[in-house]
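Next come the chains, spelled out residue by residue.
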Amino acid sequence: MDPSKEFAVELGRVARRWRTLLNARVKHLGLTQARWIALLHLRHSGCLAQRDLADKIGVEGPTLVRLLDALQERGLIERLEAGDDRRVKKIHLTESARPVIDEIDRIADAFRKEVMEGIHPDDLATAHRVLRLIGSRLEGF
């Protein structure tokens, strides 16, 4: 098999398995995978327009609305009007989201350390460079 094809297949397999196992470890928080991923994106971005958040997590608008409704019901986010365009909603984390995100981070950090144990730092640096290059190319499509 072509090495680039093998890499692409393995990358997909590893990404799916990583998310599945991490999701199982945070399940007790009562969040679906899409919900905790949305929280993490909001934490890194500060606040996002709904459309931008949908793009970042790879869901369609109606799916995002249901996801945000659930997060808002739990008091983890709030929707605010963005400037003079009332159709645009900015999504902000609430203070109640901080402990939840801290717990997700704690679990994710422990999981990452467990998975990466024994992998040489130089190998990880090379893998990171390759993934960043591929990611940059994908952003251009």
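The rules behind the values
- Residues numbered from 1 in each chain as written.
- Predicted model: local features only at pLDDT ≥ 70, side-chain atom pairs only at ≥ 80, totals over all residues.
- Heavy atoms only, no water.
- Helix = DSSP H or I, 4+ residues; strand = E, 2+ residues; numbered from the N terminus.
- Buried < 20%, exposed > 50% of the residue type's maximum accessible area, 1.4 Å probe, protein only.
- Contact = heavy atoms within 4.5 Å.
- Phe/Tyr/Trp six-rings, centres within 6.5 Å; stacked < 30°, edge-to-face > 60°.
- Pairing = 2+ DSSP bridges.
- UniProt positions renumbered as here; feature names shortened; annotations may be inferred.
- Axes fitted to C-alpha atoms, helices over the stretch in contact; angles between N-to-C directions.
- Parallel < 35°, antiparallel > 145°, perpendicular 65-115°, else oblique.
- Nonpolar A, V, L, I, M, F, W, Y, C, P; charged D, E, K, R; others polar.
- Expected span 1.5 Å × (residues − 1).
- Arc of directions from axis to C-beta.
- Polar contact = N/O pair within 3.5 Å; in protein donor to acceptor, adjacent residues only side chain to side chain.

With an unreviewed UniProt entry as reference, the protein chain is termed MarR family transcriptional regulator, source organism Aquibium pacificus.

A few words now on the overall build of the protein chain. If you tally the helices and strands in the protein chain, you get six helices and three strands. Taken along its principal axes, the extent of the C-alpha atoms in the protein chain is 50 × 35 × 25 Å. The burial tally for the protein chain puts 24% of its 141 residues in the buried class. Within the protein chain, contacts between residues separated by at least 24 positions form 50% of all contacts whose residues are at least 6 apart in sequence.

For the structure on display, the rule yields one aromatic pair. Ring geometry for Trp18 against Phe111: centres 5.3 Å apart, planes inclined by 80°, an arrangement best described as edge-to-face. One end of the pair, Trp18, is in helix α1 (residues 3–26); the other, Phe111, is in helix α5 (residues 97–116), and 93 residues separate them in sequence.

By the bridge criterion, three bridges tie strand β1 (residues 47–49) to strand β3 (residues 85–93) in an arrangement that is antiparallel. For Leu48, the partnering residue across the bridge sits in β3 and is Ile91. Sheet topology places strand β2 (residues 77–82) next to β3; six bridges connect them, and they run antiparallel. By the bridge assignment, Leu80 is partnered in β3 with Lys90. Here β2 folds back onto β3 in antiparallel fashion, the turn holding two residues, of which Gly83 has a positive phi close to 60°.

Here we come to the UniProt feature "domain: HTH marR-type" (unreviewed entry) in the protein chain. Look at the UniProt record and you will see "domain: HTH marR-type" (unreviewed entry) annotated at residues 4–136. Span residues 4–136 is 70% helix and 14% strand, its end C-alpha atoms 16 Å apart.

A word on the packing of helix α2 (residues 33–45) against helix α4 (residues 61–73). As a packed pair, α2 and α4 sit with axes 10 Å apart at the nearest point and diverge in direction by 75°. With respect to their mutual orientation, α2 and α4 come out roughly perpendicular. Within the contact between the two elements, α2 uses Ala34, Arg35, Ala38 and Leu39 and α4 uses Leu67, Ala70 and Leu71. Looking at the contact of α2 with α4, its residues break down into six nonpolar, no polar and one charged.

The subject of this paragraph is α5. Think of an α-helix as 3.6 residues a turn; residues three or four steps apart then line up on the same face. With 20 residues, α5 extends 28 Å between its outermost C-alpha atoms, agreeing within 8% with the 28 Å of an ideal straight helix rising 1.5 Å per residue. Those residues of α5 that sit buried are Ala97, Val100, Ile101, Ile104, Ile107, Ala108 and Phe111. Down the axis of α5, the buried set is contained in an arc of 130°. They therefore lie on one face. With respect to the buried face of α5, the exposed residues turned more than 90 degrees away are Pro99, Asp102 and Lys113. The inward-facing, buried residues of α5 contact α1, α2 and β3. After α5 finishes, the residue Gly118 shows a positive phi value of roughly 85°.

Let us look at the environment of Gln72. Position of Gln72 relative to the elements: it lies in helix α4. A polar contact is formed between the side chain of Gln72 and the side chain of Arg79, at a distance of 2.7 Å.

This part covers the side chain of Thr94. Tracing the backbone shows Thr94 in the loop between β3 and α5. Since its relative accessible area comes to 15%, Thr94 is described here as buried. Sequence-distant contacts of Thr94, that is, excluding residues within four places in its chain, are made with Gly75, Leu76, Ile77 and Glu78.

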